[in-house]
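# Secondary and tertiary structure notes
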Amino acid sequence: MAKWCLGFIVSLLIIGSAAAEFRPFAELWNNFAYYDTNLERKGFSSILGHYEGKIGFYLLDTPLQLYGAYYGITAQTGDYFDNSLFTGAGVRFKPFEGSFKGTSWLNEWIPDIKVFGESLSAGYLKGGSSAEAAGLAKTDTRYGFDLWHEWNLDKPNENLPWAELWSNLSYRDTNFGWESFKNYVFYFQPKIGRHLGRGIETYLKADAVYSGKGGPSYSFLNVADYGVGVRFEPWRNMATANELLRKFKMFFEVLSVSYLKEKPADPNKVVDRDVRFGIDFSYGRSY
């Protein structure tokens, strides 16, 4: 029922704004890297690509954004869960934008909190027949909060630390799984580091995901990796660089892994470390 309500609301908003002036926007993120384990299994040793995007427009002269969205992952392996593409439509807005003004680095991120709702469908670039045989859900509806914020990265003071934070808390109807999900998933991914000059940055990082679902079969939604990294942003503060090049990064990370609930039942899927290196670039992610 929830997904039909979301679809109905989005349809009404689109119809209502069809004849009006609107402001388009695009938000893209792409990451391609080699992973030693990818938190999946020992000896994963493969290149993995993550990509996602939102393309849409502001509704009239309001903070509401209507958009089409995609979330994809591709790998050299033939596993369907490493070669998926989820697409759909959504609506979001910033409830504190304009009504709250940060006073320091401790609270300047609050206006960047976004409230969203999305209705998505599943597709698989490889192993689609296996996904169907496993009885995976073909649709999902998600509601929640999302945050992306950066500190001291644009025109930085190189004597001070820099930081990034992406966090997402959402209630999911199916999570494209094999059984009724109807629970929350929480992502928390901070980085904090130092500028070494000439676009070189060292950092500490943590990527944690935690869910209301437990048990060995949901260990992938209750795990954290953490460690150190170094990256190079050659065009970050060049005035002549376009937006896509400006957020281009090359990185290398060495990470440890901890399970926040039960470990996987298969010992070959229990990992304690990961090594990653690759590239990352985004466009319009400052919203």
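The structure we're discussing is the one just above.
Thresholds, definitions, all that
- Residues numbered from 1 in each chain as written.
- Predicted model: local features only at pLDDT ≥ 70, side-chain atom pairs only at ≥ 80, totals over all residues.
- Heavy atoms only, no water.
- Core = buried A, V, L, I, M, F, W, Y, C linked by side-chain atoms within 4.5 Å.
- Buried < 20%, exposed > 50% of the residue type's maximum accessible area, 1.4 Å probe, protein only.
- Helix = DSSP H or I, 4+ residues; strand = E, 2+ residues; numbered from the N terminus.
- Contact = heavy atoms within 4.5 Å.
- Polar contact = N/O pair within 3.5 Å; in protein donor to acceptor, adjacent residues only side chain to side chain.
- Salt bridge = Lys/Arg side-chain N within 4 Å of Asp/Glu carboxyl O.

Formed by Ala33, Tyr35, Phe44, Leu48, Ile73, Ala75, Leu153, Trp162, Tyr203 and Phe251, the largest nonpolar core amounts to ten residues. Mapped onto this core, the elements with two or more residues apiece are β1 (23-35) and β3 (65-75). Not counting residues up to four positions away in its chain, the partners in contact with Trp162 are Trp151, Asn152, Leu153, Lys191, Ile192, Gly193, Arg194, His195, Glu201, Thr202, Tyr203 and Arg231.

Mapped onto the elements, Glu150 comes out in strand β6 (residues 139-151). Assessed through its relative accessible area of 18%, Glu150 is described here as buried. With 15 residues separating them along the chain, Glu150 and Leu165 place their C-alpha atoms 6.6 Å apart. Contacts of Glu150, omitting those with residues within four sequence positions, involve Glu108, Ala163, Glu164, Arg236 and Lys247. Here the side chain of Glu150 touches Arg236 through a polar contact of 2.7 Å, side chain to side chain.

The final tally for this structure, using the stated rule, is 24 salt bridges. Of the charged contacts, one joins Glu97 and Lys94 as a salt bridge, the two residues approaching to 4.0 Å between their closest N and O atoms. Assessed through its relative accessible area of 44%, Glu97 is described here as partly exposed.

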